[in-house]
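Each chain, written out:
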Amino acid sequence: MNDVVLTLNAGSSSLKFALHAVDAPLVPVLRGKVTRLKRAPAFSVSVPKEANLPLPTLALDCTHEEATVILLDWLTEHAAQHAIRAVGHRVVHGGTIFDGPTRVDADKLAQMAELTPLAPLHQPHNLAAVRLIAQRSPDLPQVACFDTSFHATQPEVNRLFALPYDMSQQGLLRYGFHGLSYEFIASTLPEHLGTEADGRVVVAHLGNGASLCALKDQKSVATTMGFTALDGLVMGRRSGRIDPGVILYLVQQRGMSVPEIDALLYQQSGLLGVSGISNAMQDLEASDDPRAKLAIDLFCYRAACEIAGLIPAIGGLDALIFTAGIGENSAATRQAICDQLSWLGVEVDRFANENGAVVISTPEASCKVLVVPTNEDAVIAQSTIRIADLT
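This structure is a prediction, so every number in the text was calculated from the model and none was measured.

**Q** It is not clear to me how the pairing of strand β5 (residues 82-91) should be interpreted in this structure. Could you clarify?
**A** Here is the key point about a regular strand: its side chains alternate between the two faces of the sheet. Of all the 10 residues making up β5, 8 are buried; the element is thus mostly covered by neighbouring parts of the structure. Across 7 bridges, strand β1 (residues 2-10) lies against β5 in parallel orientation. Bridge pairing in β5 links L6 to V87. Here β5 pairs with strand β7 (residues 142-146) via 5 bridges, running parallel.

Rendered as structure tokens:
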């Protein structure tokens, strides 16, 4: 049997999974996902592509917990040649407590649960999988890998809100997210940039959830998401940065409740809210509706503005990296963002951009522009192997 670690990444409506060999964790031996949970869920396997594995059918109202049970049973039956030695979980919020991956025990699980109000769409699902596996296999090591940890290197001034300082001391800070993705991209910079890997880099993680991270010396210096994963860029369903006075107005003048505002900002806004069509960039790009174009234009404009806003934190821009679903797959989005940053020395080669090149900037551009696929699973797998002492 082959020794592997199982990685689980529970999103707001999905469950991604992968098996990674303990002796070769970068490339998964099996990878798949359950999507559209609670609304016509689908179970799929993308690695190995040639496998003809029977896939389970899920009920229309299948929850994250039910999907996890189905997945574990499916792995027991159809991946029996692999011995799972540990499980690594993406956990969105580590607060000020966790600045790196950690082995989970009852006390740490309770500490993570206390952070649920800071990541209400993800933390409950992250932790539900941990609890379920602990009940089924109490002796199986579990490791939590936090999206916030990568940003612990930021200077205090970049993490503060202009609130009374004692509130900051109590944890009202800019934490930042997508840290596992940024950690992977940072690890690849020497391969792609050589001696410039320690330079001034902005990574654009653009997907249904979207953020930016400014790097120097391959470490996080500033990022666009803040106290929650609601801040910063326009996203699929999330509003991104918004005047806090809008919230006060909605409460005081429109009489909206907290749950109504929560639903508005997390589920009904972003690309979906502006377009009225879809939260998916590919759907909007295929539409001739003027509001679809407006949503795309707003997404790209805000991204360009926020990239420019990170420049003071790192003193310039040597490289811009696009990653994640939209960043890796939408040439039109990359082009539109870069066209608004020409004053920073950003210039895209249209042919390279439209034909899947890694480097899409022109040779004479002063800022390199690259498209680099992210791999959060590999980061989780490597951390799990190390923390569970499987080497």
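So that's the structure; there's more coming.
**Q** Looking at this structure, how should I read the sheet that holds strand β11 (residues 319-323)?
**A** Each strand in a sheet pairs with its neighbour through backbone hydrogen bonds, running either in the same direction (parallel) or in the opposite one (antiparallel). Taken in spatial order, the 5 strands make up an open sheet running β10-β9-β8-β11-β12, and their pairing is mixed. The strands lining the two open edges of the sheet, one partner per strand, are β10 (219-223) and β12 (368-371). In this sheet, adjacent strand axes meet at a mean angle of 25 degrees when their direction is disregarded. The sheet contacts of helix α10 (residues 290-314) involve β8 (201-206), β9 (210-216), β10 and β11, and relative to β9 the element is tilted by about 25 degrees.

**Q** Please explain the packing of helix α5 (residues 179-193) against helix α14 (residues 376-387) as it appears in this structure.
**A** Between two packed helices, what matters for the description is the angle formed by their axes and the separation of those axes. Packing of α5 against α14 leaves a shortest axis separation of 8 Å and a crossing angle of 90 degrees. Judged by the inter-axis angle, α5 sits roughly perpendicular to α14. Where α5 approaches α14, its residues L180, S181, E183 and F184 are matched on the opposing element by E376, A378, V379 and I380. A per-class count over the contact of α5 with α14 returns 5 nonpolar, 1 polar and 2 charged.

**Q** What is the right way to look at the pattern of salt bridges in this model?
**A** A pair can form between side chains of opposite charge whenever their charged atoms are brought close. Taken as a whole, this structure holds 12 salt bridges when the rule is applied. Between R85 and D3 there is a salt bridge; the shortest N-O distance is 3.0 Å. Taken together, the residues span a long stretch of sequence, with R85 in strand β5 and D3 in strand β1 at a distance of 82 residues. Salt-bridge contacts for D377 lead to R31; the nearest nitrogen and oxygen are separated by 3.4 Å. A residue pair is termed long-range when its members are at least 10 positions apart, and D377 in helix α14 and R31 in strand β3 (residues 24-35) qualify at 346 residues. Since its relative accessible area comes to 9%, D377 is described here as buried. The partly exposed category is assigned to R31, whose relative accessible area is 24%.

Criteria and cut-off values
- Residues numbered from 1 in each chain as written.
- Predicted model: local features only at pLDDT ≥ 70, side-chain atom pairs only at ≥ 80, totals over all residues.
- Heavy atoms only, no water.
- Buried < 20%, exposed > 50% of the residue type's maximum accessible area, 1.4 Å probe, protein only.
- Helix = DSSP H or I, 4+ residues; strand = E, 2+ residues; numbered from the N terminus.
- Pairing = 2+ DSSP bridges.
- Axes fitted to C-alpha atoms, helices over the stretch in contact; angles between N-to-C directions.
- Contact = heavy atoms within 4.5 Å.
- Parallel < 35°, antiparallel > 145°, perpendicular 65-115°, else oblique.
- Nonpolar A, V, L, I, M, F, W, Y, C, P; charged D, E, K, R; others polar.
- Salt bridge = Lys/Arg side-chain N within 4 Å of Asp/Glu carboxyl O.

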